[in-house]
Amino acid sequence: MFKAIVSADTLRDTLDSVSVLVDECKIHLNDDGIEIRAVDPANVGMVDLTLSADAFESYEADGGLIGVDLSRLEDIAGMADAGQLVQLELDEETRKLHIQIEGLEYTLALIDPDSIRQEPDLPDLDLPAQVVVEGADIDRAVRAADMVSDHIALGVDAENERFYVDAEGDTDDVHLELEREDLIDLEAGDARSLFSLDYLKDMNKAFPKDAEVTLELGEEFPVKMHFDFAEGLGSVTFMLAPRIQSN
Amino acid sequence: MVDWTEKYRPTTLSEVRGNDSARDDLKQWAETWDDHREAVIVHGSPGVGKTSAAHALANDMGWDAIELNASDTRTKDVIERVAGEAAKSGTLGGGTGGRKLVVMDEADNIHGNADRGGARAVTRLVKEATQPMVLIANDYYDMSNALRNACREIEFRDVGKRSIVPVLRDVCRREGITYEDAALSALAQKNAGDLRSAINDLQALAEEHEVLTEDDIVTGERDTTEGIFDFLDDVIKEKGAEESLYAAYDVDETPDDLLNWVEDNVPKDYSGAELADAYGFLVNADKWLGRVRATQDYSYWRYATDNVAAGVAAARREPKGGWTRYGPPSYWSKLGRTKGTRNTRDYVARKIAEQSGCSMATARREVMPFLAAMTHHCKPRELTVAMAAAYDLEEEHVAFVTGSGKDTNKVQDIVADAEASKAEAAVEHSGGAFAGQASVEDVDASESGDTGEDEGDDTDEDVFVDDEEADTKSDDAEDDDMQSGLDEFF
C-alpha cells in the first residue's frame, strides 16, 4: 500500500538528484519515508537518497518496492506548477502508479524492479578530509574547470588549511582555492583525487545553489558529497569514483 | 521460469567446462594485468562459455564487472560514456587502487547504423583504458586490424561432446530429472560444440518428459549456413543437380552474387562442351536476373538459382576431383578498381545533365562522346576552357573527358582559366549590384575585363561551331582514336 501527497517542488528535487545518474530506479516505500539507491551503468557514480515521511503533506506506506522510469515521472512532475500538490497512489493489482495533479490524472506503468540494475552496497569509506562549502562555490569551480578540461582534481591542503580545485587542460589551467574563512567548515587532512567532470557537472545540477554541501575527500579515493533538501527532511549523498591518472 | 543457462552459469572459473587451457590463459592474463595492462579478446563459437568465463573471472578476482552488450545501443557516445568512464575510473569501494572488469560482449558486431562510430571508439578506448577489459567476439577476424593488434587473444574452442555430457548429467541431478545415459549422449552429439544450446535443449525436453530417453531427442538440426566455397565444390565437383540446388538455399548470398561466383570459377574445372553448357545455364540465369530488375518481381530469383546451381551441376559430364583454388568474382575487383573513374564519369554526366536538361544516361551516351572528340587532348584550348567553365569541371574531370593527364600544366591552366571566366561572368551577371561599393578604378577594370571576355566568348562560339563541323567530317577516325579508353564506361 502506498498513498502520498507531496509538493511538486520536493518531488522534482528528489527525481532530479537520481536522474542525473540513471534512467530507471527502484524506490523503497518504507513506513517512515522513501529511499532510493542507484549506481550508474559504468559503476562510477552512486546516489543514496532518503526523503522522510514528514516531507510529505500526507504519507502512508508499508514497505513496498517499485521500479520507475525516471524521465517519465519527471515529465509528469513537470506538469505541475510550483507549489502545487501531487497525489501519488499505487495500485497493487495492476502495478501502476496513479498520479493526480489538480484534476489531471496520469497512470504510470511501473517497471519490474527485478529488471533494474541491482542496488549498490554502500562502501565503507574512511575519508580523512571534510569540507563544507556553499553549492554556488562548487558550481563556480565546475563551470570554470569545464572550460579547460574533462577532469578535475579536488584536494585539501592540510598544512595551510585550504580546499582547492585544479583543472589542467591541454593549454589552459584553472585553479581555485578556498581558505578556512571562505568555507563553512573544514576538517583538514591531506587529500587529493581526480574526478570526471562529466559526472561532477551532472551532480552539480542537483545541488541547490543556496545549500551547504559537505564534501568528504581522500587520497586517490572516491568523493562523498552530501546535502539536504526539502527543508532538511530529505538528504542526498553522491559518491563518485576517482579517475585513474594516466601518464 | 528461470533459464537454466543463467541458473547454472559458472560463478568461478574452475566451473567453466571445456577449454581448460583458454581458461588458464584468461586467469593468467588477469593475474598479471598490472604488469602488461593489455586488453584481451576472447573469441570462439557461440555457446562455448566466453561470457560466462569473463564474469566468472571477475568474480574470482573480486572485481566488479561492467558489461556492455549488444542489447544496449552502442553508439560512439554510449561507449565513451559508459565503457570509457568505467575503464578510466577507479571503483567506489577502493578508489584508484580498485579494479573492475569492463566486459564488451559481441565486440565483433559494433558496426552498422545503430553503432555508428562505435568500432573506432572501442579501439581508442582499448588503448587508453586503465582498467582490465575483455572483448568478446565470435569472429576474431571481423574486428579491425588496429583493434586486434592492441589486444591479447585467447581462443575458446568448441566444447567437445565428452565435456558436454558431464555438465548435462550434473544439471539433471540438481533438477531431479531421470535420464538415460544414451539420451544425454545423443543430446551432446546433436549440439556438438555448443554447450549453451545443449542446456537449452535439455530444459525444453525436461518440460515435456518425465524421463529422458534417447528417442525423445529429436534429431532435427539447427539451421546452418553453407560457406560459398563449399557450395562451389558441391556445384562444380561433387553433387548432382537436386543436391546442388538445396545447397544453394543454405548459402547466404543473393542469386546475383552466386552467379558471379560460379561464372568466374566454373572454367577452372569445366572444359569444352560441358563448359559451353554451363555457360548456357548461366546465360539463362542472367536473363532471369534481368527480368527481376526490370519487373522488380523477385519471385523470378528462384529460376536464376535453379540455373546457377542445378543447371551448372547438370552440365557436368565427367567426374571432377582434386582441389581447385576458387576465387572471388573478378567483377567485384573490377568495380573496386574502376570506382574512382566511374565517380568522375558520373560527376561529369550529372553536370551536363543539369546544364542541358537531359538525363544522366543521355549525357553519358550521347553528349560525352562528342565532348571527348571535340576536346581531345585539350585541343582546341578555348573550347576546353569553355567546357570546363560551363560544366564546372575540376582537373580530374577535364582529364577524364579530354584524355590528357590530370597533373599536367595544360589541364591545370585550363581549369584556372575556366574559374577566372566563371568569376567574371558572375560579376557581369550581378548587374552592377556591387557597383556602389567598387571604386571607380575597379569598375573601369572590370568593364575592360568584360569587354575582353565578350570577345573571348565570341571566338569560343565560333570555334565551337567550326569544331563540330570538323568533327562530323572526320568522325570515324577521331572517334576511334579517343574512345578506346572510355568505351567501357559509356
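Residues numbered from 1 in each chain as written. Chains lettered and ligands numbered in written order. Predicted model: local features only at pLDDT ≥ 70, side-chain atom pairs only at ≥ 80, totals over all residues.

### Describing the overall build of chain B
Helix and strand counts for chain B stand at 23 helices and seven strands. Among the 490 residues that make up chain B, the fraction classed as buried is 32%. A separation of at least 24 residues holds for 74% of the contacts in chain B among residues at least 6 apart in sequence. (Helix = DSSP H or I, 4+ residues; strand = E, 2+ residues; numbered from the N terminus. Buried ≥ 20, exposed ≤ 12 C-beta atoms within 10 Å, placed from the backbone. Contact = placed C-beta atoms within 7 Å.)

### Quick word on the packing of helix α11 (residues 228-238) of chain B against helix α12 (residues 241-249) of chain B
All names here are of chain B. Contact geometry of α11 with α12 gives a least axis separation of 9 Å together with a crossing angle of 165 degrees. In terms of axis orientation, α11 runs roughly antiparallel to α12. α12 is crossed by α11, and the crossing has left-handed handedness. The residues of α12 that touch α11, namely those facing Phe231, Asp234 and Val235, are Glu243, Ser244, Ala247 and Ala248. (Axes fitted to C-alpha atoms, helices over the stretch in contact; angles between N-to-C directions. Parallel < 35°, antiparallel > 145°, perpendicular 65-115°, else oblique. Left-handed = near helix turned anticlockwise from the far one by under 90°.)

### A closer look at the packing of helix α17 (residues 339-356) of chain B against helix α20 (residues 395-402) of chain B
Residues and elements named next belong to chain B. Contact pair α17 / α20: the axes reach a minimum separation of 10 Å and the direction vectors enclose 90 degrees. As summarised for this structure, α17 and α20 are arranged roughly perpendicular, according to the angle between their axes. Each of Thr344, Arg345, Tyr347 and Val348 in α17 lies in contact with α20, whose residues at this interface are Glu396, His397, Phe400 and Val401. For the contact of α17 with α20, the residue count by class is four nonpolar, two polar and two charged. (Nonpolar A, V, L, I, M, F, W, Y, C, P; charged D, E, K, R; others polar.)

### A few points about helix α4 (residues 197-206) of chain A
Listed in full, the buried residues belonging to α4(A) are A:Tyr199, A:Leu200, A:Met203, A:Asn204 and A:Ala206. The arc that holds the buried residues of α4(A), viewed along the axis, is 145 degrees, so those residues lie on one side. (Arc of directions from axis to C-beta.)

### A few points about the nonpolar core
With 129 residues, the main nonpolar core has B:Val42, B:Met104 and B:Leu135 as its most contacted residues. In this structure B:Met104 touches B:Leu68, B:Ala83, B:Val122, B:Met133, B:Leu135 and B:Ile136, once residues within four positions along its chain are discounted. (Core = buried A, V, L, I, M, F, W, Y, C linked by C-beta atoms within 7 Å.)

### Digging into the confidence of the model for chain B
Residues and elements named next belong to chain B. On average, residues of chain B score 81 in pLDDT, and 83% of them are at 70 or above. Contacts of residues 438-488 to residues separated by more than four positions or lying in other chains number 34 contacts, the stretch itself having pLDDT below 50. Among the scores for the predicted complex, ipTM is 0.77 and pTM is 0.61. (pLDDT = per-residue confidence, 0-100.)

### Looking at the interface of chain A and chain B
Taken together, the contacts link 18 residues of chain A with 17 residues of chain B. Of the residues contributing to the side of chain A that touches chain B, the split by class is 12 nonpolar, four polar and two charged.

### Describing the sheet that holds strand β5 (residues 58-61) of chain A
Residue and element names in this part refer to chain A. One open sheet accounts for five strands, arranged β5-β1-β7-β8-β9; its pairing is antiparallel. Two strands close off the open sheet at either side, each with one partner strand: β5 and β9 (104-109). The mean angle between the axes of side-by-side strands here comes to 20 degrees, regardless of whether they run parallel or antiparallel. Pairing geometry for strand β7 (residues 85-91) and strand β8 (residues 96-101), over five bridges, is antiparallel. The residue bridging Glu89 from the neighbouring strand is His98, located in β8. In the packing of helix α1 (residues 8-19) onto the sheet, the strands contacted are β1 (2-7) and β7, and the crossing angle to β1 comes to about 105 degrees. Helix α2 (residues 70-78) contacts β7, β8 and β9 of the sheet and is inclined by roughly 175 degrees relative to β9. (Pairing = 2+ DSSP bridges.)

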